[in-house]
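# Architecture at a glance
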There are 2 protein chains.
Amino acid sequence: MNKRIYLNAFDMNTVGHQSPGLWSHPEDQSDRYKELNYWVELAKLLEKGKFDGLFLADVLGVYDIHRGNSDAALEQAVQVPANDPLLLISAMSQATKHLCFGVTYSLTYEHPYMLARRFSTLDHLTNGRVAWNIVSSYLDSAAKNFGLSEQLKHDDRYEVADEFLEVCYKLWEGSWEEDAVLRDKNNRIFTDPRKVHDINHDGKFFKVPGAHLCEPSPQRTPVLYQAGASSRGRAFAAKHAECVFTAGPSPTLVKKGVDDLRKKAKEQGREPEDLKIFTVFTPIVGETAEEAEQKYEELKSYISYEGALALLGGWTGVDFSKYNPDDTVEYIESNSIQSALELFTKADPNRKWTIRELAAFAGIGGRGPVVVGTPEKIADEMEKWVKEADVDGFNIAYTLAPGSFKDFVELVVPILQARGLIQNDYQAGTYREKIYGHGQKYLKESHHGHIYKNLFSVK
Amino acid sequence: MNKRIYLNAFDMNTVGHQSPGLWSHPEDQSDRYKELNYWVELAKLLEKGKFDGLFLADVLGVYDIHRGNSDAALEQAVQVPANDPLLLISAMSQATKHLCFGVTYSLTYEHPYMLARRFSTLDHLTNGRVAWNIVSSYLDSAAKNFGLSEQLKHDDRYEVADEFLEVCYKLWEGSWEEDAVLRDKNNRIFTDPRKVHDINHDGKFFKVPGAHLCEPSPQRTPVLYQAGASSRGRAFAAKHAECVFTAGPSPTLVKKGVDDLRKKAKEQGREPEDLKIFTVFTPIVGETAEEAEQKYEELKSYISYEGALALLGGWTGVDFSKYNPDDTVEYIESNSIQSALELFTKADPNRKWTIRELAAFAGIGGRGPVVVGTPEKIADEMEKWVKEADVDGFNIAYTLAPGSFKDFVELVVPILQARGLIQNDYQAGTYREKIYGHGQKYLKESHHGHIYKNLFSVK
């Protein structure tokens with residue numbers, strides 16, 4: 001039997017998410033991101049295609065490294081304007097029954113007491129169909145607007161994040177016992193106060209003495225995603241994440257990270273396969289190979305060079321405007337680019353990448369593969385990735401929204417279903433049950449967060 | 001012509017909002033607050049009844065003064081559990097066309113850069129049907145869970161709030177010019193960067209150098225509500241609020257606050273009637289007077305004495321458990337109760353209120369009037385309040401949810417419409433246009449926030 005592939009649509013509450021310039025294509029509708037109908041239609045489309053989830057990215061700053069300002073980002077709508085992703089969920093949830101929602105939400109500028117309430121609320125409202133993609137923000141431009149002179153150092157961010165999660169687990173798992181809420185109209189007792197516990201958290205970064213404001217939600221802790229690609233980030237993921245979002249241009253390269261993640265998960269006492277790993281994947285699909293190639297050529301003509309460099313500048317910290325488009329990246333003396341661009345260059349180690357080529361590469365598909373071809377070829381490649389990179393699923397990125405998703409649902413999904421690679425219909429239950437099977441509403445016993453369950457209960 | 005009365009439904013993302021104990025009534029469904037369907041049905045009901053808005057209260061702490069713990073609040077579900085109100089809006093907005101949403105959101109534990117994005121997002125998604133009820137939290141139990149030893153002092157809170165609003169106005173009104181976003185696919189320019197401005201805010205409490213993350217929303221600044229009843233609170237309302245939520249047991253008493261508010265608004269250079277003032281009002285309606293009285297008696301039998309004291313304890317800071325239920329409140333030596341309870345006692349200055357009576361009074365209707373009778377009597381009283389208290393509208397509180405709203409829509413609304421007191425149909429446009437008339441999408445020129453419009457534009 002084939003390993004089941006999990007499918008997320010990869011999007012963001014913004015214009016032209018990962019394809020700088022393609023918003024200007026006549027068929028792109030991503031600038032309708034402000035309309036609820038746009039999102040509700042997308043959610044219905046994805047549910048029709050039996051997608052497991054919609055994964056929403058987010059950033060809280062602008063890409064202002066390129067040329068030292070945000071002009072290119074603004075002009076090409078490179079993830080700006082960007083609206084809040086959480087506020088989309090209830091409308092999409094109401095319009096669907098099974099589609100799950102993974103929402104990126106930074107813990108850097110939010111208090112855990114508040115964040116815990118937000119996700120408990122969404123977990124209630126969606127009937128347990130929500131996941132939190134845990135990020136600590138990476139843009140200085142965001143930090144500055146929260147009154148900080150710069151962001152926290154990378155490893156400090158993870159120390160804060162660890163304690164942040166500890167507070168959340170205490171609130172979600174420990175504060176309200178399973179049978180605390182009685183809803184007993186006859187005896188006029190709504191909640192048994194003896195079964196609601198103050199968490200008395202007194203840590204290095206946070207002090208939270210009280211109880212959670214929310215009664216236990218269907219999953220208590222939402223499904224946890226994480227996307228850190230550094231060694232520290234992977235250690236964090238191995239401890240906290242149930243799903244991991246990764247990216248890379250070749251299966252070989254992605255597999256290295258996957259192996260490390262599964263190894264680290266095992267060291268944490270977890271089953272390596274309990275980590276569901278998603279990698280970004282951009283399909284350009286046509287009924288024939290020629291049609292797909294034609295489409296790809298046409299799409300490429302809409303890439304904005306300046307927009308792509310704005311995005312790359314944000315990712316690498318390098319202002320590429322200082323160099324000639326035909327300079328190869330080796331000329332750029334910068335540690336951050338050497339490490340950040342490793343991903344690109346390692347994919348094809350013998351190639352001398354020019355900045356122009358890099359922009360074209362990043363202009364469609366971000367750091368992941370772009371696969372151009374017939375539905376069968378797309379399906380072949382996905383199968384190959386799952387085997388070679390040992391991933392569990394994909395975050396399918398769009399070039400044109402919602403057209404790319406429509407193509408995928410209509411053309412690729414039936415092939416994947418016929419091959420038994422994706423679900424023909426949804427499993428009942430919460431997001432976690434859809435991933436781990438019926439009955440697994442809550443964190444697995446081997447998950448770190450499980451130790452907080454009933455932590456405060458009188459034994 | 002009669003003065004048009006504005007109608008809000010008064011609710012909260014919790015069980016049994018203002019009527020401690022009544023959640024246990026067989027007909028009450030407020031414990032369905034966790035279900036989206038519950039809210040979507042309510043929104044549709046209110047729109048059918050041509051309500052102007054749904055006003056959602058919120059608290060971020062628990063009522064733990066009574067007996068020095070939160071047992072009574074938990075047992076009687078006195079505003080706990082309490083979920084996040086913002087996350088309900090998009091689903092309700094999607095199910096309606098005109099109903100507006102006023103959401104209480106504390107500025108004490110949130111950064112203005114983030115809050116501004118949340119409300120811009122909601123303003124986009126609702127097509128300009130959102131209002132922010134500005135509060136600074138009043139519960140120590142909340143402050144403690146955000147790591148503070150206690151809340152800020154009352155007047156300091158307003159100083160922070162003033163600067164908080166300044167940052168928001170700069171982001172909402174000043175940062176993006178009206179024609180900054182071109183969406184020009186032919187020339188491949190989404191936003192003209194010259195028309196997006198960093199706000200360079202460098203204040204006492206906040207530093208926000210950058211531009212707003214969101215493009216201008218239908219109203220830019222959401223409609224602003226405020227509910228402070230102190231002198232400092234009213235000064236804040238006169239400067240910032242477009243709608244004010246007030247409460248009091250008699251028209252005479254409410255009028256004093258209203259007069260002061262309108263006077264203060266005038267001192268700010270605004271038209272006194274530009275402040276739309278809502279007062280809380282709890283109708284118990286029956287087809288006949290007897291039926292209504294019977295209903296009231298039955299409802300009262302569900303009031304929880306302990307729950308009411310938990311609520312009163314939170315409002316006044318007094319632990320009433322130290323006293324005998326038959327003690328009169330005069331016996332309680334406390335400045336806070338003397339000022340907080342003025343509202344009650346002044347309503348009937350010759351009456352010696354016992355704690356038991358106070359609890360019964362607060363148990364239905366909070367600090368506002370409870371009017372029991374036929375639809376005609378309810379309408380008469382509303383008319384009287386508008387005339388005598390000079391208010392513009394009501395926050396209609398429920399005793400049983402959604403039954404109280406259903407009764408009101410079916411029985412009272414037709415009478416009010418027949419008398420020409422409320423709208424027969426909605427005005428087109430945004431929330432602000434529905435209040436101030438067609439074309440008034442943005443803050444009025446006389447509103448303090450207007451000075452931030454185009455503040456940073458190159459002239």
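These figures come from a predicted structure and were not determined experimentally.

## Here's the deal with the relation of the copies chain B and chain A
Each of the two copies of the chain can be brought onto the other by a rotation about an axis and a shift along it. Overlaying chain B with chain A gives an RMSD of 0.0 Å, the required rotation being 180° about an axis along which the chain moves by 0.0 Å. What the superposition gives is, in effect, a two-fold axis relating one chain to the other. Among all C-alpha atoms of chain B, that of Ala-91 of chain B lies closest to the rotation axis, at 1.9 Å. When the interface residues of chain B are mapped onto chain A, 100% of them again fall at the interface, so both copies present the same face.

## Some words on the interface of chain B and chain A
The partner chain A presents 73 residues to the 73 residues of chain B that form the contact. Between chain B and chain A lies a buried interface of about 6,600 Å² when both sides are counted; carbon and sulfur atoms form 57% of it. Where chain B touches chain A, the interface holds eight salt bridges. Between Asp-58 of chain A and Arg-117 of chain B there is a salt bridge, and its shortest N-O distance comes to 2.7 Å. Every element with two or more residues in the side of chain B that touches chain A is listed here: helix H1 (36–48), helix H2 (71–75), helix H3 (89–94), helix H4 (112–125), helix H5 (140–145), strand S5 (181–184), strand S6 (189–191) and strand S8 (207–208) of chain B. The element contributing the most residues to the side of chain B that touches chain A is H4 of chain B, with eight residues. Split by residue class, the side of chain B that touches chain A holds 37 nonpolar, 18 polar and 18 charged.

## Remarks on the packing of aromatic side chains
Applying the stated criterion across every chain yields a total of 41 aromatic pairs over all chains. By way of ring pairs, the aromatic residues Tyr-6, Phe-10, Phe-55, Tyr-225, Phe-245, Phe-278 and Tyr-431 of chain B are connected into one cluster. The ring of Tyr-6 of chain A has Arg-4 of chain A sitting right over it, with the charged end atom 4.1 Å from the ring centre.

## Focus on helix H13 (residues 375–389) of chain A
Residue and element names in this part refer to chain A. Helix length check: H13 (15 residues) gives 21 Å between terminal C-alpha atoms against 21 Å at 1.5 Å per residue, within 8%. Taken as a whole, H13 has its buried residues at Pro-375, Ile-378, Ala-379, Glu-381, Met-382, Glu-383, Trp-385, Val-386 and Ala-389. In the segment just after H13, Asp-390 is the residue with positive phi, at about 60°.

## What about the UniProt feature "binding site: FMN" (unreviewed entry) in chain A?
When the UniProt feature table is mapped onto this chain, "binding site: FMN" (unreviewed entry) is found at Asp-58, Thr-104, His-154, Tyr-158 and Ser-230 of chain A. Among the structural elements, Asp-58 of chain A can be located in the loop between strand S2 (53–57) and helix H2 (71–75). Dropping the residues within four chain positions of it, Asp-58 of chain A is found in contact with Met-12, Asn-83, Pro-85 and Thr-104 of chain A together with Arg-117 of chain B. For Asp-58 of chain A, the side chain forms a polar contact with the side chain of Arg-117 of chain B, separated by 2.7 Å. Position of Tyr-158 of chain A relative to the elements: it lies in helix H6 (residues 154–174). You can call Tyr-158 of chain A buried: its relative accessible area is 7%. Sequence-distant contacts of Tyr-158 of chain A, defined by excluding residues within four places in its chain, comprise Gln-226, Gly-228, Ser-230, Arg-232, Gly-233 and Phe-236 of chain A.

## Structural notes on the environment of Ala-401 of chain B
Residues and elements named next belong to chain B. For Ala-401, the position within the fold is in the loop between strand S13 (393–397) and helix H14 (403–418). Spatially, the C-alpha atom of Ala-401 lies 41 Å from that of Gly-174, the residues being 227 residues apart in sequence. Ignoring any residue separated from it by four or fewer positions in sequence, one finds Ala-401 in contact with Glu-27, Asp-28, Gln-29, Ser-30 and Tyr-38.

## Focus on helix H10 (residues 305–316) of chain B
Residues and elements named next belong to chain B. The terminal C-alpha atoms of H10 lie 16 Å apart, and with twelve residues this matches the ideal 16 Å at 1.5 Å per residue to within 8%. Of all twelve residues making up H10, ten are buried, and the element is well covered by its neighbours. Every buried residue belonging to H10 is among Gly-307, Ala-308, Leu-309, Ala-310, Leu-311, Leu-312, Gly-313, Gly-314, Trp-315 and Thr-316, and all of these are buried. Immediately downstream of H10, the backbone of Gly-317 shows phi near 80°, a positive value.

## Here's the deal with the confidence of the model for chain A
On average, residues of chain A carry a pLDDT of 92, and 94% of them reach 70 or more. Scored as a complex, the prediction yields pTM 0.96 and ipTM 0.96.

## Considerations on the side chain of Gln-18 of chain A
Among the structural elements, Gln-18 of chain A can be located in the loop between strand S1 (6–12) and helix H1 (36–48). Among all residues touching Gln-18 of chain A, those that are not within four sequence positions of it are Phe-10, Val-280, Trp-315, Ala-362, Gly-363, Gly-365 and Gly-366 of chain A.

## Some details on the pairing of strand S9 (residues 223–226) of chain A
All names here are of chain A. What you see with S9 is no split at all: Val-223 and Tyr-225 on one side and Leu-224 and Gln-226 on the other are buried throughout. As defined by bridge partners, strand S4 (residues 130–135) adjoins S9 across four bridges and the pair is classed as parallel. Opposite Trp-132, over in S9, you have Leu-224 as the bridge partner. Strand direction decides the pairing type here: S9 and strand S10 (residues 243–246), joined by two bridges, are parallel. What sits directly across from Tyr-225, in S10, is Cys-243. You can see the chain leave S9, run along helix H7 (residues 231–240) and come back into S10, and the turn it takes is right-handed.

## Overview of the side chain of Ser-24 of chain A
Tracing the sequence through the fold places Ser-24 of chain A in the loop between S1 and H1. Polar contacts involving the side chain of Ser-24 of chain A include one to the main-chain carbonyl oxygen of Gly-21 of chain A, which spans 2.8 Å. Not counting chain neighbours up to four residues away, the residues in contact with Ser-24 of chain A comprise Tyr-302 of chain A together with Lys-185 and Arg-188 of chain B.

## Some remarks on unusual backbone geometry
Glycine aside, negative phi is the norm for most residues, and most peptide bonds take the trans geometry. Of the consecutive residues Ala-401 of chain A and Pro-402 of chain A, the connecting peptide bond is found in the cis state with omega at -5°. One can find Pro-402 of chain A in the loop between strand S13 (393–397) and helix H14 (403–418). Across the junction of Val-80 of chain B and Pro-81 of chain B, the peptide omega takes the value 0°, indicating a cis bond. Positionally, Pro-81 of chain B belongs in the loop between H2 and H3.

## Remarks on the pattern of salt bridges
Taken as a whole and judged by the stated rule, the model has 76 salt bridges over all chains. With its nearest N and O atoms 3.6 Å apart, the salt bridge here joins Glu-178 of chain A to Lys-453 of chain A. With a gap of 275 residues between them, Glu-178 of chain A in the loop between H6 and strand S5 (181–184) and Lys-453 of chain A in the segment after helix H15 (431–436) connect regions that are remote in the sequence. Under the relative-accessibility criterion, Glu-178 of chain A is labelled partly exposed at 45%. Close ionic contact of Glu-381 of chain B with Lys-384 of chain B constitutes a salt bridge, the shortest N to O distance being 3.9 Å.

## Overview of the packing of helix H13 (residues 375–389) of chain B against H14 of chain B
Residues and elements named next belong to chain B. The interhelical angle for the contact between H13 and H14, taken along N-to-C directions, is 60°, at an axis separation of 9 Å. On the basis of the axis angle, H13 is oblique to H14. Along this stretch, H13 crosses H14, giving a crossing that reads as right-handed. Only Phe-408, Leu-411, Val-412, Ile-415 and Leu-416 of H14 make contact with H13, whose side of the interface consists of Pro-375, Glu-376, Ile-378, Ala-379 and Met-382. Looking at side-chain class alone, the contact of H13 with H14 contains nine nonpolar, no polar and one charged residues.

Criteria and thresholds
- Residues numbered from 1 in each chain as written.
- Chains lettered and ligands numbered in written order.
- Predicted model: local features only at pLDDT ≥ 70, side-chain atom pairs only at ≥ 80, totals over all residues.
- Heavy atoms only, no water.
- Least-squares fit on C-alpha atoms with pLDDT ≥ 70 in both.
- Contact = heavy atoms within 4.5 Å.
- Buried area = accessible area lost by both parts, 1.4 Å probe.
- Salt bridge = Lys/Arg side-chain N within 4 Å of Asp/Glu carboxyl O.
- Helix = DSSP H or I, 4+ residues; strand = E, 2+ residues; numbered from the N terminus.
- Nonpolar A, V, L, I, M, F, W, Y, C, P; charged D, E, K, R; others polar.
- Phe/Tyr/Trp six-rings, centres within 6.5 Å; stacked < 30°, edge-to-face > 60°.
- Lys NZ or Arg CZ within 6 Å of the ring centre and 35° of its normal.
- Expected span 1.5 Å × (residues − 1).
- Buried < 20%, exposed > 50% of the residue type's maximum accessible area, 1.4 Å probe, protein only.
- UniProt positions renumbered as here; feature names shortened; annotations may be inferred.
- Polar contact = N/O pair within 3.5 Å; in protein donor to acceptor, adjacent residues only side chain to side chain.
- pLDDT = per-residue confidence, 0-100.
- Pairing = 2+ DSSP bridges.
- Right-handed = clockwise from strand over helix to strand, strands pointing away.
- Axes fitted to C-alpha atoms, helices over the stretch in contact; angles between N-to-C directions.
- Parallel < 35°, antiparallel > 145°, perpendicular 65-115°, else oblique.
- Left-handed = near helix turned anticlockwise from the far one by under 90°.

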